[in-house]
Amino acid sequence: MNERMLDKNHRPSEDEIERFVGAGSWNNIGLIKERLSESFDLHVELKFPFGNNYGWGYKFSHKAKHLFYIFFENKSLTLFTQINEPESDRGRELLNSLSDEGRKCWETKYPCSNGGWVRYRFFDNTGLHDAGIFISLRTKKDIAF
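Residues numbered from 1 in each chain as written. Predicted model: local features only at pLDDT ≥ 70, side-chain atom pairs only at ≥ 80, totals over all residues. Heavy atoms only, no water.

### Describing the overall build of the protein chain
Working step 1: Helix and strand counts for the protein chain come out as five helices and six strands.
Working step 2: In the protein chain, the succession of helices and strands from N to C terminus is α-α-β-β-β-β-α-α-β-β-α.
Working step 3: For the C-alpha atoms alone, the extent of the protein chain along its principal axes is close to 45 × 30 × 30 Å.
Working step 4: Counting the 145 residues in the protein chain, one finds 46% classified as buried.
Working step 5: Across the protein chain, contacts joining residues at least 24 apart in sequence account for 59% of those joining residues at least 6 apart.
Working step 6: Carbon and sulfur atoms make up 45% of the accessible area of the protein chain, which totals about 7,900 Å². (Helix = DSSP H or I, 4+ residues; strand = E, 2+ residues; numbered from the N terminus. Buried < 20%, exposed > 50% of the residue type's maximum accessible area, 1.4 Å probe, protein only. Contact = heavy atoms within 4.5 Å. Areas by Shrake-Rupley, 256 points an atom, 1.4 Å probe, with all protein chains shown as cover.)

### Re the nonpolar core
Working step 1: One finds Ile 32, Leu 36, Phe 68, Phe 72, Leu 79 and Phe 134 to be the most contacted residues of the largest nonpolar core, which totals 37 residues.
Working step 2: The greatest single-element share of this core, amounting to six residues, is contributed by helix α5 (residues 128-139).
Working step 3: With sequence-adjacent residues up to four places away left out, Phe 68 is seen in contact with Ile 32, Leu 36, Tyr 58, Lys 59, Phe 60, Leu 79, Phe 80, Thr 81 and Ile 135. (Core = buried A, V, L, I, M, F, W, Y, C linked by side-chain atoms within 4.5 Å.)

### Overview of the pattern of salt bridges
Working step 1: Considering all chains together, one arrives at eight salt bridges under this definition.
Working step 2: Linking Glu 73 and Arg 121 is a salt bridge whose minimum nitrogen-to-oxygen distance equals 2.7 Å. On the criterion of sequence distance, the pair formed by Glu 73 in strand β3 (residues 65-73) and Arg 121 in strand β6 (residues 115-122) is long-range, its members being 48 residues apart.
Working step 3: The exposure class of Glu 73 is buried, given its relative accessible area of 2%.
Working step 4: With relative accessibility at 33%, the residue Arg 121 sits in the partly exposed group. (Salt bridge = Lys/Arg side-chain N within 4 Å of Asp/Glu carboxyl O.)

### Some details on the environment of Ile 133
Working step 1: Relative to the helices and strands, Ile 133 is located in helix α5.
Working step 2: You can call Ile 133 buried: its relative accessible area is 4%.
Working step 3: For the pair formed by Ile 133 and Gly 91, sequence separation is 42 residues and the distance between their alpha carbons is 9.2 Å.
Working step 4: In this structure Ile 133 touches Leu 94, Ser 97 and Leu 98, once residues within four positions along its chain are discounted.

### Side note on helix α3 (residues 89-96)
Working step 1: The complete set of buried residues in α3 reads Gly 91, Leu 94 and Leu 95. Buried residues along α3 cover an arc of 100 degrees about the axis, so they all sit on one side. Facing away from the buried side of α3 by over 90 degrees, the exposed positions are Asp 89 and Asn 96. (Arc of directions from axis to C-beta.)

### Quick look at the sheet that holds strand β2 (residues 57-62)
Working step 1: Across the sheet, which stays open at both edges, the six strands sit in the order β1-β2-β3-β4-β6-β5 with antiparallel pairing between neighbours. Of all strands in the sheet, those with a lone pairing partner are β1 (42-47) and β5 (110-111), marking the two edges.
Working step 2: Helix-sheet contacts for helix α2 (residues 23-39) involve β1, β2, β3, β4 (76-84) and β6, and the interaxial angle to β2 is about 10 degrees.
Working step 3: With respect to the sheet, helix α4 (residues 100-107) is in contact with β4 and β6, its orientation differing from that of β6 by roughly 145 degrees. (Pairing = 2+ DSSP bridges. Axes fitted to C-alpha atoms, helices over the stretch in contact; angles between N-to-C directions.)

What follows is the structure, given as structure tokens:
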């Protein structure tokens, strides 16, 4: 795991988050917010969930429905979400379009119910395509970056 913002007692400002994750990753957060706002009644909250190992991140929700978290890491981001096994041809097609790294994250997900928890780390624009696939699988909407 990369270095994260683990001080629960210090709520980071947007400027601190941007400096920590780097300009490219900060731009990716903006792009994700923008794209999801086109399809959802998007709500983004700064949270410190799951105890002391995950640190600060943004919780993305559609109205009251949780979609995923993006955790802040030094010069990168980690998408964390629960995804069911695809039941449609479109879902299987999306899985087949993952990069080798994305496929590895899917294959090593933490099993839960009919799918599992995916933890996908990406840097700058590298990996943004796979993050979009995971978001699409989670939301059942085509979200392309």
